[in-house]
Structure formats: structure tokens, C-alpha cells
Amino acid sequence: MRARLAGFSLERPGTLDEALGMLAASKERLTLLAGGTDLYVYLNAGVARPGRWLDLWGLDELRGIHEVGDHVVLGALTTYTELRASELIRGALPLLAQAAATVGAVAIQNRGTLGGNIANGSPAGDSLPPLLAYDAEIGLRSARGRRFVPFDRFYTGYRASVAAPDELIEQIRIPLGAGSSSRACRFVKVGTRAAQAISKVVAAFVLGRAGDGTVDHCRAAFGSVAPTPVRLRRLEQHVIGKRIDPALIRTSSDVLLSEIAPIDDIRSTARYRRFVARTAWQRFMEEVPGL
Amino acid sequence: MKQPLVTVNKSVRKIDGLSMATGRAQYVDDVHVRGMLWAKLLASPHAHAKILDIDISQAQKIPGVVCILTHKDLPRVPHTTAGQGYPEPSPYDSYVLDKKVRFVGDRVAAVAAETRDAAERAVRAIKVTYEILTPVLDAEHAMDDDAPKIHDEEDSLRIADPEKNLAAEVGFSVGKNFFEDSDYIFDRTFVTQYAQHCPIEPHITMAWFDEQDRIVIRTSTQVPFHARRIVAQALRVPVKRVRVIKPRVGGGFGAKQEVLNEQIVAALALATHRPVKLEYTRAEETISARTRHPMIIHLRSGLKKDGTITDFDLDVISNTGAYGTHALTVGCNTGSKVLPLYRAKNVKFNMRAVYTNMPVGGAYRGYGATQGAFAMECLIDEMAERLAMDPLEFRKRNHIRLGESSPVFKALGEGREGVAQSIESCGLDQCIDLGAREIGWREKHGKPKGKGPIKRGVGVACLMQGSSIPGIDMGAATIKMNEDGSFNLLMGATDLGTGSDTVLAQIAAEVLGIRESDIVVYSSDTDMTPFDVGAYASSTTFLSGMAVKKAAEQARDQILHVAGKMLETDPADAILQDGMVVMANGRRLSLKEVALHSLYILDQFQIMGSSSHITHTSPPPFAAHFCEVEVDEETGQVTVLSYVAAVDCGTAINPRLAEGQTEGAVLNGISYALVEEICFDPKGRPRNATWQYYKIFNTQDAPPIKTILVPTWEPTGPYGAKSVSEISINGPMPCIANAIYDAIGIRLREAPFTAEKVLKALKLRARGRRME
């Protein structure tokens, strides 16, 4: 462990209200600890921010997967293992279940949480493109109240978000119809090996068509191609109202390439990322059922 | 008379398996010596620099810091860290601490402190003034006239040519009129990359003083006896004052055929008179420990239309990094374990190991043969294709056969001339046939496969290695009998998790007619066990196994002698079976009765045997590897769908362990072929020194691996055994490269075959086609 633990204090609120009170009262920004699969790594590497940590793990108010009205509501502490196992998620939001199954290894899936993945804000987070593709909203909670932010407006830059210092992620809300089985969908992860590899490129696509065969719904979300996970809105707009044919696949691919800005790093190259991002999209389009 | 085997060639349970599975096995770190200090090494941030000044005053003030050593505090003794027999064939170009640093990660100073935290803080507080020198980061240009000199010190010994950054050079030529009889000439260059061993247990060493003021070193090593000798040499203490203990080891793969940290830890113990422990972090393991020598391999061959290979000309530039540890011998093996596999009347070999300011090459499973086999097996495939001949048929026509020899055996040994030998066991044809059937070669090879952008292909590679180093390596063992008919087996042979304790116990048990569980194995401890060169060069089963067999036979003869007197029967033709002595006339005695008699009743003496073994040949194991791959032409992703390794290791003493060695080597090799590579920034700093970024394949990435053991009988090995541990790491790189060619028609000669690289090759071809 590289971190000097003397610089850290850990507090463990017993209830959500207690946690919100601590957040409201604190002058410094508190570090929120959920499953620890990112923060403990930072701690071990000596790059964790010293100061007060709030351990949310015991807050059962932040757990659970429920159908509420026309939404699926996921507590922020929902683990990847729970996502994988949930009949509701596997049936209604399959991309989320697939993404959860590719995160890290089993031990990480047991501890890692959806809220933690969102809060950590890595552009390579595997669960984030499915959330974008499903029009998720992030339920932020503070002593001041609760507000919902559409996930595609949650991040303001690299690992930066709209969450205020006294707010925590309470829940993730997804419209039930977002993953409707009448829509085609796909989750793609390109990594160095089968498990415990941060993605070179990660993507989630959802596509729906009207009775006349034209596209009436499209979501294309990517990770590891920009400083934050991104929805490619111009690409989505480009295909809406059109029929899928080779010309559309070609022109939409050009739009895709104009809309992403990956970088060279140790895991891959910008060039390769652009290429596989385009390939993933083209294959999805070519294989949309009923073409 | 050859009796049927009872214990040998049986998959008995690994004798240390239960303790490992339940966490009771004792590794280096599982003991704590009272008053132990933590050591930490200051690593150079520069690839090439002179140390002008080291200021330790601030570091010394940190509470808990007990000792800081720099080059000013230690005797300057040129030595090699290569754990090899004396005199080592590696240059003496290393110093425990030096005034110069030659790669990022080279050691500058050592700290011992009461806590790890204090040691780490002290290391950061040491102020070093460097004169930064231009680094050499390109092996091909290391020998240029204007290249900076890496070893400009005057006291290093046996460097081939320090002026040219040449650590070692070797070559030979047999035959004449090269390439004059050939109808086709092939000329190809292959490039292999930096890779790391990644043992689960990193380098860890403890040292303390015993009550007789001797230095006891408990260390994770493959070479306890070489460690004792080299520590004594480097610190100028007598060998008799050093004891090296090897407990359980969590993997070595060659990384621990290196006396890497034993010297500095012993030096800290000497300076402080306190117990000291040093454990590398994963990043230190990658940056500062040892790697596989990257090589540029230029292979030319001549071929006649009738399928006869006429010539081989193999030219190798091996990057040994900052120090020449194993530089000569690894390079020798690139030729000696590869060229003899195929007959050719003209054979030429030249190897130059060059210094660079990059991580240090070392011993790594396969030991140079891995790199050479990549070139050879890819070129063999290309030669077969030129003749429109099945690659299997072509290999069968040209590979070395039973009773044949190769001039290479005599011409090239381990750092010196080799030993002439002929092949006395060879199951390669059967390996080829069985492996081909398993993979479905006939149905799949050369046929268009796959749909859309996903293409499939199959590939093959044939391999040989050696078993021990002839005329040089020695292993010894002692076995003694206890009252209950059990035995203590004391060996210098070094089990690293490989299972050699089990395999060697099986050999002793076979001789003595008992079960392997009646043998108490102890390995290895320089105070307690006889000498053994250690676990390397694929030697333990073959070499130490013979020593064990001979020692057990001595004990057997004594048992028969005592039993004969007890029963007043001539013990000729008696046998040992199920813990009993069975006389030719049917009379029998238990080993327990014999033991009690010999220890307490009459003419008392200890029934014990002690024997050494050296070998005058190094019989090659053979193997044929096959794989089927899928190549995604749109992403460049290569996926190995299935892998078949057919291996002739003579008699497999323990078939399950032999399969384990094979599967481990194959997965290690697949990972090396497809993804593993240490990457550097322009200043020579590794960019992916931790497992967050240096990815090795694990079980989820493993394709189905089928091992087929093809039994042969090697007359010079114990119960017909040859080696099995290294050979199979040599297969995956050429086998996968050949399968990729079968799938997409592109020959890759630069490893690893990452998705990025495969895609680039596909695009280059597409561009070339458009230009046409």
C-alpha cells in the first residue's frame, strides 16, 4: 500500500439521512466509498485523495432493483453481480446485464456498483454506454432534496460531473420501454483479454424501426473514444427516418468518425479505436434483424 | 530385466498439493524473524547516467531508517547475476552497487528500515546528482561506431567487445558452397519483443545471522547453490559462512535463475546485523528484474525442388539490455535447440548479444529456443508452400530421426563447443500424426474457412529442446532409511511449483518398491542437501532424477544385503515390492524389519545412498503443436479456438504433471504470441510495468488445450524420461503465425500479433492490391 493511511479518515453513516447530513455539514468535499473497486486501487497506488471518506456500503436505502411505474429504478449500490442475476434487468435491459458480466472479474463484480461506476467517471467504464443508450437518469440526493439529471448531461468533462459537493447518487432511473424487445440492441467490448482488462473501445446500440421499416429510434453510445462516455447524437439523427441500406451504413459511419476523438494510450491507438468503433457500428447495422 | 512400472508413469497426487491448496505451504514470506528490517532499493529514473553524487543526509533523518548503502560502502567485485555453473559463461559486468546506471530501474542505493513505509520514504529522500548520458535504445544500432559505450568501466571481465557494446558473440559454420545447390533461397527477418516472466510470487529474499554468525539467506530461487557461491564472491565472504534455503517457490520460469537480490540483502544484513527482507513490487519485477531477450532473427535457407533442405544461415542480434546475464548461452540456444531439428548439409550460425540501456534479458523458459523456433517454423511453412507440399509431409521428410546426429550438436554448446550426440529416442512422427488427427488437419488446412470477415485457419509447429547441459550440469541426492521403512530424500534439486519433488519421489519409490508417500522430501538447503545446479535447462527430471535413482539403488542394495543376512538367503534376484523384500525363494521381510535390524540389532549402520549424476548427452524432447485460429478481418482480433500439443518427453514420470507443464507453457506462449510486450517511452522508461497495463492471458482466455503424451524410451534418462518443462513454450508463436497465414494469407514476422498489428497488415495488403 503506497498511501499513508494517517491522512485518511473513514466514517460510516448508519442511515441515508445521516449520510446526507454529514455531506451537508462538511466544508471539504468528502470522498464517497461504495464497493471500493476503484478507490482501493487508488489507495494502493498512492494516488487516492487524502481526507474524509464516507462509507456508503451499509446504506440499504441505496440498494435494490425495482419496477416503479413505467421505470426501472436501480439503487446506486446495485452490484454488477446483482445486475447479472436480475431477471428484470436481463429481460428489460439486457445491455446492462451484458456489460455487468464483462466488468473485471467475479470478485470485482461482487463489490463494484453501478453508482460507483458512474461516480468514478472513467471514460472506459463498461456500464456507462448502456446507461446512455437506455436514456438513464441519475437521481441525485442531498439534504436539500432530490433531482434527476439525464445521464447524457451528467458529465461536464474528464471525470467531472454536475453533482454538487453535498450530493450523492441515490438511484438510476431507466424508462421501461428503453430496452423494448422490439428494438435491436447490442453491447460491444473490445479488450486485450477476456477478463480484467480495461476496454480499448466499449459501445452500446439500440435501434427501433417503424412499420414502414424506417428508423424511428436510435441510440449509439461509446466509451474510451472521448474524455467522457458519449452519445453520438449526430449519428443518431443521421439514421432516424431512413431505411437501413448499404448507403446509410456507409454515410452513418462517416458521421460516426467525425463525432469521436479517441487517443493513443498504452491499451491501444487512436487509429485502431476509430476503426473498431466504426466496425462495431457497421456490424450492428448490417445484422439488424429483418434486414 | 524390465519390471512393470508401479509408481513411475502414474499420475500420483502432487505431494505438496494439499498444503498449497490449504495455504499451509511455507513460502519465503511465511516466516518472520524477530527484529526484521524492510529493505527497499532506489531505482534509476534514467536509462544511462553517471552518478556524480549521492546525498543520503535527509534520508537518514527519517525515523526508523537503520542503514543506507551506496556504491561507496561495498567492495567493487565484478560478477554476473546469472545463476550458472562455475565459471559462468556470462560476462562479469555487474556490481552489487555501481557508480553508473545503465537502465531505468538499475539500482542506485539500498535502504533498510524498521517499517516498509520508512524504507520507501527514505528511498525518495535520497538525492542523487546524475550526469545524464545518451542512452542506447535500439539494438540494431548498439554496435555503431558512434553509439555511446555502456560498459566503459575497466574492471569488467569477459565482455566480448565493450567498445562495440557487444556482450557476447558466437558462431560456427559447417559445410561449404552455401546456397549453390539450392533451387530456391529464402531470406526472412523475424522480430521478437520484450516480455516478462510474471511469476505470481515476485523476487523475495530474507537474510539474517544465525547463532554461529553465518549469513542465512531464505530466498525464492531456482539456484540455491549458485546463489551461495555468487553471494560469497560478490561480498567477499567465504562460502562456509553462507547458507541458502529455498522454501516453497511461487513460480520462476527462469526469472529466478538469477542471483538478483541475494547479494544486496545479505549486504544489508551484514551492515546492520539485523534480519532484512526485500520483496519486489510488481512494477519492480517488470522494470528491475529480468526479461526475455528480444531478438532480430535473420534466417536464410536453401531448398531443392525435390524437397531437400540444403542450407541454413541463421544470424541473430539479441538485445541483452544493460547487463550480459545469460547473453551468450541464450543466444547459443537460439541455434543449438532449433537448427538440429532439420537436416541440411550446410549450416551457418552467428549470434551477437548487444548491450542497450534497456531492461536486462535473462533466463526465460525456452531460453532463446523460443525466439529461434518462431523464425524456423514460420520459414519451414513457407518452404513447404513453395513446393506446394503439405507442411506436415515436408517436416516429416526433413526432420532428424532416430539414430541420426546433427553437426550442430558438436559445433554449438552452452557458451562453448557442444557435445556430439545422436538421437536415441524420437516420437516426432507420431506426434505429428496424432496432433494432426486431433485438430482435423486434413479437413481444414489450406481450405477456405469461415464466413464474412471472420476467417479460420490451422497451423503447425514442430519443436525440440534439450534435457540438461551435457558435461557441465551435476545433480546429487541422498536418501536414508528410517525405522518404519520410510525414507528421507534430500536433494539440491529445486521444486518451483513444477512438481519435481513429487516426480523425484516417484523415481525413488519405484526403485525401493514403496509408495511416494513413504518418502519425505526435503529440497533444497545448502547446509542440508547435496549439491545440484538447480532448476534450469530442462534438467531436473532427467539429471537429478538419475541421481535420485542411483542413490535409491545404493540403498536398495544395502537393504537386500541386510535382508539376505537376516533370512540367511542369497539376495540375488530378490525384489522390493509393496514395502517388502521378496526373495527368489519366496521368503519375505518388511522394510520396517530390515530398518530396525540395521539400526538396532546387529552390525548396526545407517542404510543410505548418496549419488551424483552428470550427463554426456542432452536428449531432445520433441513436440508437434497444432492450433486453429479465428481472425476477424475487420478488427484484426486473433482468437485461438483450440490448441493441440503432442509431446514426446520419453516416459512421463507423472503424466498429469507433464500435461500441466505443457498446458502452462502453451498458455504462456499464446499470451506471448498475441498480447504481451513491454512498451517504452522515448527515454527508455517502461510504460506498462504493472498488471493494470501489462496483460497476461489467464484461464478465461485459454482455448481448449489438448495434450497428447507420446511415449518413447530414452536410454540415458531415469526410466526412459526426457525433459518436458520448456519445450512447449516455443510452439504457440510460430503455430499461431502459420494458422493466421492459413486464415488470411498474411505472414506475420513481428510479434506480438496484436489486433492493431494484424489490422494494419490487412490494410497494407488492401492498399497494395488497390495500387496493383
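Residues numbered from 1 in each chain as written. Chains lettered and ligands numbered in written order. Predicted model: local features only at pLDDT ≥ 70, side-chain atom pairs only at ≥ 80, totals over all residues. Heavy atoms only, no water.

Contacts between the two partners involve 25 residues from chain B, matched on the other side by 21 residues from chain A. A combined buried area of about 2100 Å² lies between chain B and chain A, and 51% of that area is made up of carbon and sulfur atoms. Sorting the residues of chain B by area buried against chain A places Glu634, Lys695 and Glu756 of chain B first, and these three jointly supply 27% of that buried surface. Along the contact surface separating chain B from chain A lie three salt bridges. The partner of Glu756 of chain B in a salt bridge is Lys200 of chain A, and the shortest N-O contact between them spans 3.2 Å. Our count for the contact surface shared by chain B and chain A stands at seven residue pairs in polar contact (both at pLDDT 80 or more). With five residues, the single largest contributor to the side of chain B that touches chain A is helix 18 (residues 755-771) of chain B. Residues belonging to the side of chain B that touches chain A are distributed by class as follows: nine nonpolar, six polar and 10 charged. (Contact = heavy atoms within 4.5 Å. Buried area = accessible area lost by both parts, 1.4 Å probe. Salt bridge = Lys/Arg side-chain N within 4 Å of Asp/Glu carboxyl O. Polar contact = N/O pair within 3.5 Å; in protein donor to acceptor, adjacent residues only side chain to side chain. Helix = DSSP H or I, 4+ residues; strand = E, 2+ residues; numbered from the N terminus. Nonpolar A, V, L, I, M, F, W, Y, C, P; charged D, E, K, R; others polar.)

What follows concerns the domain arrangement of chain A. Interfaces are often sized by the amount of accessible area the parts lose when they come together. Residue and element names in this part refer to chain A. Looking at the assigned domains, one finds that chain A contains domain 1 (5-55), domain 2 (60-178) and domain 3 (182-286). Look at where the C-alpha atoms of domain 1 and domain 2 centre, and you get two points 20 Å apart. Between domain 1 and domain 2, the residue contacts involve 13 residues of the former and 20 residues of the latter. Here domain 1 and domain 2 share an interface that buries about 1300 Å² over both sides, 60% of which is from carbon and sulfur atoms. Three residues stand out in domain 1 for area buried against domain 2, namely Leu16, Leu20 and Arg29, and they jointly supply 38% of the buried area on that side. Our count for the contact surface shared by domain 1 and domain 2 stands at zero salt bridges. At the boundary of domain 1 and domain 2, one finds six residue pairs in polar contact (both at pLDDT 80 or more). At five residues, helix 1 (residues 16-25) tops the list of elements feeding residues into the side of domain 1 that touches domain 2. (Domains from an automatic or database assignment.)

It is worth spelling out the environment of His399 of chain B at this point. All names here are of chain B. In this structure, His399 sits in the loop between helix 9 (391-398) and helix 10 (407-411). The class of His399 is buried, set by a relative accessible area of 1%. Once the C-alpha coordinates of His399 and Glu153 are considered, the two residues, 246 residues apart in sequence, prove to be 46 Å apart. With residues near it in sequence (within four places) discarded, His399 still touches Leu341, Tyr342, Arg343, Glu404, Cys426, Leu428, Asp429 and Ile432. (Buried < 20%, exposed > 50% of the residue type's maximum accessible area, 1.4 Å probe, protein only.)

Residues and elements named next belong to chain A. Spatial strand order, 11-12-13-14: four strands in an open sheet with antiparallel pairing. What marks the edges here is a single partner per strand, and that holds for strand 11 (184-190) and strand 14 (230-231). The sheet contact formed by strand 11 and strand 12 (residues 201-209) spans seven bridges and is antiparallel. Each residue of the ladder has a partner; that of Cys185, found in strand 12, is Val206. Against the sheet, helix 5 (residues 94-102) touches strand 11 and strand 12, its axis set at about 15 degrees to strand 11. Packing against the sheet, helix 11 (residues 270-286) makes contact with strand 11, strand 12 and strand 13 (215-223), and its axis sits at approximately 25 degrees to strand 12. (Pairing = 2+ DSSP bridges. Axes fitted to C-alpha atoms, helices over the stretch in contact; angles between N-to-C directions.)

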